[in-house]
Amino acid sequence: MPLIIKDEYPETLFRKDGKRLDGRDINELRPIKMEVGVVKNADGSAYLEWGNNKIFAAVYGPREVHPHHLAKPDKGVLRVFYRMATYSVFDRKRPAPGRREKEISMIVADCIEPLLFLELYPGTSFEVFIEVINADGGTRCASTTVAALALADAGIPMKSLVSAIAVGKIDGKKVVDLSGIEDKAGEADLPIAITWYNEEISLLQFDGEMDLDEMNEFLELAKNALKDIHQIQLDALKSKYVKIQEETNKSKEKNEKKGDE
Ligand code: CDP
């Protein structure tokens, strides 16, 4: 994916052929890859590449709560830590977690909490660590998506997955999946998340102006993209089990051969 740096804000966000600067149509997603089980020391984990975003999520839990005073007697506690590596962006990102990271951690937690059965785990915690190693727009949506996948990989009972996408307006046109430059130089950015068990919106942020008709258009644009993202999440989970099955079959065959000898 072409990466456009901060000091090179272009005058227009569309090319002469009507495509966006990275060659996409208005309703086209950036390339997305997801994989589960990538951090062996975690209870569950996932890795996602979404355009130039590269993000890991690792899940631990249910386990003892640290610090102890955060434990709740009637339910489990979900803690989310979104961090952007200092080398993940062009400007020098301070290593200490800033306000933006705290806000995004909270947003991801709000999207994930309704999916879990925390009441079944009193006195314990679920911790989700999200590390953005390369950022290029839409990391809160990508982080929400990959965090849900890591929880599922951990085998934690969930009502469903949650998927997220940012839609927005650039040069007066409504587009899906804003890249970093589109996020910065465009007119509007609207991150949206859907929890699939009830098909309800669990994240909706917007800064700018729009009327109700425009809002409906944005939601329509997001809907199809969210379905595609959900399918990629499901495929990533399935492919883990297909791999396990293949390995089991192979070792069975090996043992059978040994038995014949
Ligand atoms: O990542 P997301 O769009 O959810 O959040 P944002 O705060 O709207 O940031 C948009 C983009 O700005 C990020 O994805 C990064 O590519 C970039 N950014 C940056 O270059 N330097 C920062 N300190 C924070 C964000």
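Rules and cut-offs
Residues numbered from 1 in each chain as written. Predicted model: local features only at pLDDT ≥ 70, side-chain atom pairs only at ≥ 80, totals over all residues. Heavy atoms only, no water. Helix = DSSP H or I, 4+ residues; strand = E, 2+ residues; numbered from the N terminus. Rg over C-alpha atoms; globule rule 2.2 N^0.38 Å. Buried < 20%, exposed > 50% of the residue type's maximum accessible area, 1.4 Å probe, protein only. Contact = heavy atoms within 4.5 Å. Areas by Shrake-Rupley, 256 points an atom, 1.4 Å probe, with all protein chains shown as cover. Polar contact = N/O pair within 3.5 Å; in protein donor to acceptor, adjacent residues only side chain to side chain. Salt bridge = Lys/Arg side-chain N within 4 Å of Asp/Glu carboxyl O. Near = heavy atom within 4 Å. Core = buried A, V, L, I, M, F, W, Y, C linked by side-chain atoms within 4.5 Å. Pairing = 2+ DSSP bridges.

A word on the overall build of the protein chain
Along its length, the protein chain carries four helices and nine strands. Listing every helix and strand of the protein chain by position from the N terminus yields β-β-β-β-α-β-α-β-β-α-β-β-α. Computed over C-alpha atoms, the radius of gyration of the protein chain comes to 20 Å, within 12% of the 18 Å expected from 2.2 N^0.38 for 261 residues, which places it in the range of a compact globule. Taken across its 261 residues, the protein chain has 45% of its residues classed as buried. If you take every contact in the protein chain between residues at least 6 apart in sequence, the share linking residues at least 24 apart comes to 67%. Accessible surface, the protein chain: about 14000 Å² in total, of which carbon and sulfur atoms supply 50%.

Observations regarding the environment of arginine 140
Looking at the element boundaries, arginine 140 is found in helix H2 (residues 139-153). Owing to a relative accessible area of 17%, arginine 140 belongs among the buried residues under this scheme. Remark: the alpha-carbon pair of arginine 140 and aspartate 22, spanning 118 residues in sequence, is separated by 21 Å. If sequence neighbours within four positions are ignored, arginine 140 has contacts with Arg100, Glu103, Ile104, Ile107, Val108, Pro191 and Gln205. Reaching out from arginine 140, the side chain makes a polar contact with the side chain of glutamate 103 at a distance of 3.2 Å. Here glutamine 205 takes part through its side chain, which lies 2.9 Å from a polar atom of the side chain of arginine 140.

A closer look at the pattern of salt bridges
Throughout the structure, instances matching the rule amount to 18 salt bridges. One salt bridge in this structure joins aspartate 17 and arginine 15, with 2.8 Å as the shortest N-O distance. A salt bridge links aspartate 177 to arginine 24; its shortest N-O distance comes to 3.5 Å. You can see aspartate 177 sitting in the loop between strand S7 (173-176) and helix H3 (180-185) and its partner arginine 24 sitting in the segment before strand S1 (32-36), a full 153 residues away along the chain. Aspartate 177 gets classed as buried once you look at its relative accessible area, which sits at 2%. Of the residues examined, arginine 24 reaches a relative accessible area of 2% and is grouped as buried. Three or more residues joined by partner-sharing salt bridges are found here, namely Arg20, Asp22, Arg24, Arg30, Asp177 and Glu182.

Topic: the site of the ligand
With respect to spatial proximity, the complete set of residues near the ligand consists of Met84, Val89, Asp91, Arg100, Ala135, Asp136, Gly137, Gly138, Thr139, Arg140, Asp183 and Lys184. Note that an oxygen atom of the ligand is positioned 3.1 Å from one of the side-chain N or O atoms of aspartate 183. Here an oxygen atom of the ligand sits 3.5 Å away from a polar atom, N or O, in the side chain of lysine 184. Going through the elements one at a time, H2 and H3 are the ones with two or more residues in the shell around the ligand.

A look at the nonpolar core
Leu78, Ile130 and Ile165 are the most contacted members of the largest nonpolar core, which totals 60 residues. Ignoring sequence-local partners within four residues, the contact set of isoleucine 165 consists of Leu29, Trp50, Cys141, Val176, Asp177, Leu190, Pro191, Ile192, Ala222, Ala225, Leu226 and Ile229. Leu13, Ile170, Val175 and Leu178 belong to the second largest nonpolar core, which has six residues in total.

Concerning the side chain of arginine 30
Relative to the helices and strands, arginine 30 resides in the segment before S1. Note on arginine 30: relative accessible area 2%, which makes it buried. In terms of polar contacts, arginine 30 uses its side chain to reach the backbone carbonyl oxygen of aspartate 136, at 2.8 Å. Within the structure, arginine 30 has its side chain in polar contact with the backbone oxygen of leucine 178 (distance 3.2 Å). When neighbours within four sequence positions are excluded, arginine 30 is seen to be in contact with Met1, Asp22, Arg24, Trp50, Gly51, Asn53, Asp136, Gly137, Asp177, Leu178, Ser179 and Gly180.

So, the pairing of strand S6 (residues 162-170)
The element S6 is extensively covered by neighbouring structure, given that nine of its nine residues are classed as buried. Going residue by residue along S6, you find Val162, Ala164, Ala166, Gly168 and Ile170 tucked away on one face and Ser163, Ile165, Val167 and Lys169 tucked away on the opposite face as well. Across eight bridges, S6 lies against strand S8 (residues 188-195) in antiparallel orientation. Bridging across to S8, valine 167 finds its partner in leucine 190. With four bridges joining them, S6 and S7 adopt antiparallel strand pairing. From the neighbouring strand, glycine 168 faces S7, where its bridge partner is valine 175. Once S6 ends, the chain turns through two residues before running back antiparallel as S7, passing aspartate 171 with a positive phi of about 45 degrees.

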